[in-house]
Amino acid sequence: MTLPGGVTRRQFGDDTAIATEGSPVYGEPTADGWRKWEPGRSKLGAMLEMDVDTGLQSGDSVLYLGAANGTTVSHVADFAGPTYAVEFAPRPARDLVEVAASRPNLFPLLSDARRPQQYAHVVETDLDAIVQDVATRGQARVAKENAMFLADDGRLVAAIKARSEDVTADPEAVFESVRAELADSYEILDEIRLDPYHTDHLGIVARPR
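Residues numbered from 1 in each chain as written. Predicted model: local features only at pLDDT ≥ 70, side-chain atom pairs only at ≥ 80, totals over all residues. Heavy atoms only, no water.

### Focus: the environment of G5
(1) Moving on: Relative to the helices and strands, G5 is located in the segment before β1 (7–12).
(2) Moving on: Given a relative accessible area of 36%, G5 falls into the partly exposed group.
(3) Moving on: C-alpha separation for the pair G5 and A173, spaced 168 residues apart in sequence, amounts to 35 Å.
(4) Moving on: Dropping the residues within four chain positions of it, G5 is found in contact with S58 and F79. (Helix = DSSP H or I, 4+ residues; strand = E, 2+ residues; numbered from the N terminus. Buried < 20%, exposed > 50% of the residue type's maximum accessible area, 1.4 Å probe, protein only. Contact = heavy atoms within 4.5 Å.)

Okay, here's the thing in structure tokens:
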């Protein structure tokens, strides 16, 4: 299994699962300071559980788009370096602030991932990774417009939700459209359907062109 430094497999009762070391956030099981990373509640967790080489490493600088209540980005901040967490909705952003209280490297930003100019004055450039999980139409465009923050050898790790693009379309047709739109800005290195953890989602790992 290809896991970033700071992410490991641990025993939780009768279950062995990937985990990070940090304070619990969403009621996840813990053992000796390690917290279970629930793949059914985290698209990135599902990708790691499915042995996708995300290219993420311990100490990486990360821009997380679509941080919501902090479920996944809290795990990322447990092993990464500076982690900028963008969330548009005020209610989950308040939860995110609480999550960041025990993680000094996690910086919550109440902002719109579709408008990176809103936080360009805060987020550093030459980042190691963008992790994207936005439930909105135009997910490829979000990835492209935020590419300016990535280093030349950085990685995009994105979860594409077909139903957010078009609830009536065939998911594979949606994914093909996203691939085509990304092509002029990113080279896709790996991809995987996230079933059974997340229906009609595609995990993508890419690097900027």
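### Looking at the sheet that holds strand β9 (residues 150–161)
(1) Moving on: Spatially, 7 strands are ordered β7-β6-β5-β8-β9-β11-β10 in an open sheet, and the strand pairing comes out mixed. Two strands close off the open sheet at either side, each with one partner strand: β7 (106–110) and β10 (186–193). Neighbouring strand axes in the sheet, compared pairwise and without regard to direction, differ in orientation by 15° on average.
(2) Moving on: Summarising the sheet, strand β6 (residues 83–87) and β7 pair through 5 bridges and their orientation is parallel. By the bridge assignment, T83 is partnered in β7 with L106.
(3) Moving on: On the sheet, helix α6 (residues 171–182) packs against β9, β10 and β11 (201–208) and is oriented at approximately 160° with respect to β10. (Pairing = 2+ DSSP bridges. Axes fitted to C-alpha atoms, helices over the stretch in contact; angles between N-to-C directions.)

### Looking at the layout of surface pockets
(1) Moving on: Roughly 390 Å³ of volume is contained in the largest pocket.
(2) Moving on: Together, 24 residues line the largest pocket, and G66, E87, D133, V134 and A135 are the ones closest to its centre.
(3) Moving on: Broken down by secondary-structure element, the contributors of at least two residues to the lining of the largest pocket are α2 (71–79) and β6.
(4) Moving on: The residue inventory of the lining of the largest pocket, partitioned by class, reads 10 nonpolar, 8 polar and 6 charged. (1 Å grid on protein atoms, 1.4 Å probe; cavity = no way out; pocket = protein on both sides within 12 Å on 5 of 7 lines; lining within 4 Å. Points joined across faces, edges and corners; volume = space filled by probe spheres on them. Nonpolar A, V, L, I, M, F, W, Y, C, P; charged D, E, K, R; others polar.)

### Considering the packing of aromatic side chains
(1) Moving on: Considering all chains together, one arrives at 3 aromatic pairs under this definition.
(2) Moving on: Consider the rings of W37 and F79, whose centres lie 6.5 Å apart with planes at 35°: the pair is tilted. Of this pair, W37 sits in the loop between β4 (34–36) and α1 (43–49) while F79 sits in helix α2, and the two are 42 residues apart along the sequence. Of the two residues, W37 and F79, neither departs from the other in class, the shared state being buried.
(3) Moving on: Seen in terms of ring centroids, Y119 and F149 are 5.8 Å apart; in terms of plane orientation they differ by 20°. Their pairing is stacked. With Y119 in the loop between β7 and β8 (127–132) and F149 in the loop between α4 (139–145) and β9, this pair connects stretches of sequence that are 30 residues apart. Judged on exposure class, the residue Y119 and its partner F149 are both buried.
(4) Moving on: The ring of F88 is capped by R114, whose NZ or CZ atom sits 5.9 Å from the centre of that ring. (Phe/Tyr/Trp six-rings, centres within 6.5 Å; stacked < 30°, edge-to-face > 60°. Lys NZ or Arg CZ within 6 Å of the ring centre and 35° of its normal.)

### Looking at empty space enclosed by the protein
(1) Moving on: The tally for this structure, following the rule as stated, stands at 1 cavity of 30 Å³ or more.
(2) Moving on: In this structure, the largest cavity spans a volume of roughly 50 Å³.
(3) Moving on: Of all elements in the fold, only α1, β8 and β9 reach the threshold of two or more residues within the lining of the largest cavity.
(4) Moving on: Residue composition of the lining of the largest cavity, grouped by class: 7 nonpolar, 2 polar and 2 charged.

### What about the nonpolar core?
(1) Moving on: Core analysis: the largest hydrophobic core is formed by 29 residues, its most contacted members being L63, L65, Y119, V123 and Y186.
(2) Moving on: Counting residues per element, the ones that place at least two in this core are β5 (62–65), β6, β8, α4, β9, α6 and β11.
(3) Moving on: Filtering out sequence-adjacent residues up to four positions away, L65 remains in contact with V86, A113, Y119, I130, V131, Q132, D133, V134, V142 and N146.
(4) Moving on: Listed in part, the 28 residues of the second largest apolar core include W37, L44, V76 and A77. (Core = buried A, V, L, I, M, F, W, Y, C linked by side-chain atoms within 4.5 Å.)

### Comments concerning the pairing of β1
(1) Moving on: Across 6 bridges, β1 lies against strand β2 (residues 15–21) in antiparallel orientation. Bridging across to β2, R10 finds its partner in A17.

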